[in-house]
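Understanding the architecture of this molecule
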Amino acid sequence: MYDVIIIGSGPAGLSAAIYGQRACLNTLIFEKQPMSGGQILNTYEVDNYPGLPGLGGFELGMKLRAHADAMEAKFLQEDVLEVEKTAEGYRVVTNKERYETRTIVFATGAGHRKLGVPGEEELCGMGGNALLRA
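These remarks concern the structure in this document. Worth saying up front: this structure is predicted, and the values here are computed from it rather than measured.

**A closer look at the sheet that holds strand S2 (residues 27-30)**
A sheet is described by the order of its strands in space; here 6 strands give the open sequence S3-S2-S1-S6-S5-S4, paired in mixed fashion. In this open sheet, the two edge strands, each paired with only one partner strand, are strand S3 (74-76) and strand S4 (80-85). Taking the axes of each pair of neighbouring strands and ignoring which way they run, one obtains an average angle of 40° across the sheet. Bridge count for S4 against strand S5 (residues 90-94) is 5 bridges, and the pairing is antiparallel. When the bridges of S5 are listed, Lys85 appears paired with Tyr90.

See the structure below:
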């Protein structure tokens, strides 16, 4: 049984993994994509993250994942299909197996709604000054 299972490996999920590992909790992280980082990977520049001004989103995502890896967090690339309440906590059912945990952290992120306007794909993730750079 895991102490905590984290569903999602974007910035919130990776932060939860780091804190879980620091607290010596038996932590497992499920990630859907082959690369951790979530939406931040597609952000040109993250200028509002304290202490790391002007950092690219991809670089920030990689730094967060490297930190979680250094803390020896366990990652699995599986699709979570169901979460069931049990007497001891929760059962997480994936496309491969079932896992038991005392605690769940949902860090599944969000998705951007597309407008379908010309230039949207090329400028996506460029921030508020994208039109000035184009």
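**A look at the environment of Tyr99**
Residue placement: Tyr99 occurs in strand S6 (residues 98-106). Classification of Tyr99 by relative accessible area gives buried; the value is 8%. Between the C-alpha atom of Tyr99 and that of Lys63, which follows or precedes it by 36 residues, the distance is 28 Å. Dropping the residues within four chain positions of it, Tyr99 is found in contact with Tyr2, Ile5, Leu28, Phe30, Leu76, Glu78, Tyr90, Arg91, Val92 and Thr94. Polar contacts involving the side chain of Tyr99 include one to the side chain of Glu78, which spans 2.8 Å.

**Points about the packing of aromatic side chains**
To describe a pair of aromatic rings, you give the distance between the ring centres and the angle between the ring planes. Counting across every chain of the model gives 1 aromatic pair. Positioned above the aromatic ring of Phe75 is the side chain of Arg65, whose terminal nitrogen or guanidinium carbon lies 3.6 Å from the ring centre. One Lys or Arg, Lys85, reaches over the ring of Tyr90 and ends 4.7 Å from the middle of that ring.

Procedures and definitions
Residues numbered from 1 in each chain as written. Predicted model: local features only at pLDDT ≥ 70, side-chain atom pairs only at ≥ 80, totals over all residues. Heavy atoms only, no water. Pairing = 2+ DSSP bridges. Helix = DSSP H or I, 4+ residues; strand = E, 2+ residues; numbered from the N terminus. Axes fitted to C-alpha atoms, helices over the stretch in contact; angles between N-to-C directions. Buried < 20%, exposed > 50% of the residue type's maximum accessible area, 1.4 Å probe, protein only. Contact = heavy atoms within 4.5 Å. Polar contact = N/O pair within 3.5 Å; in protein donor to acceptor, adjacent residues only side chain to side chain. Phe/Tyr/Trp six-rings, centres within 6.5 Å; stacked < 30°, edge-to-face > 60°. Lys NZ or Arg CZ within 6 Å of the ring centre and 35° of its normal.

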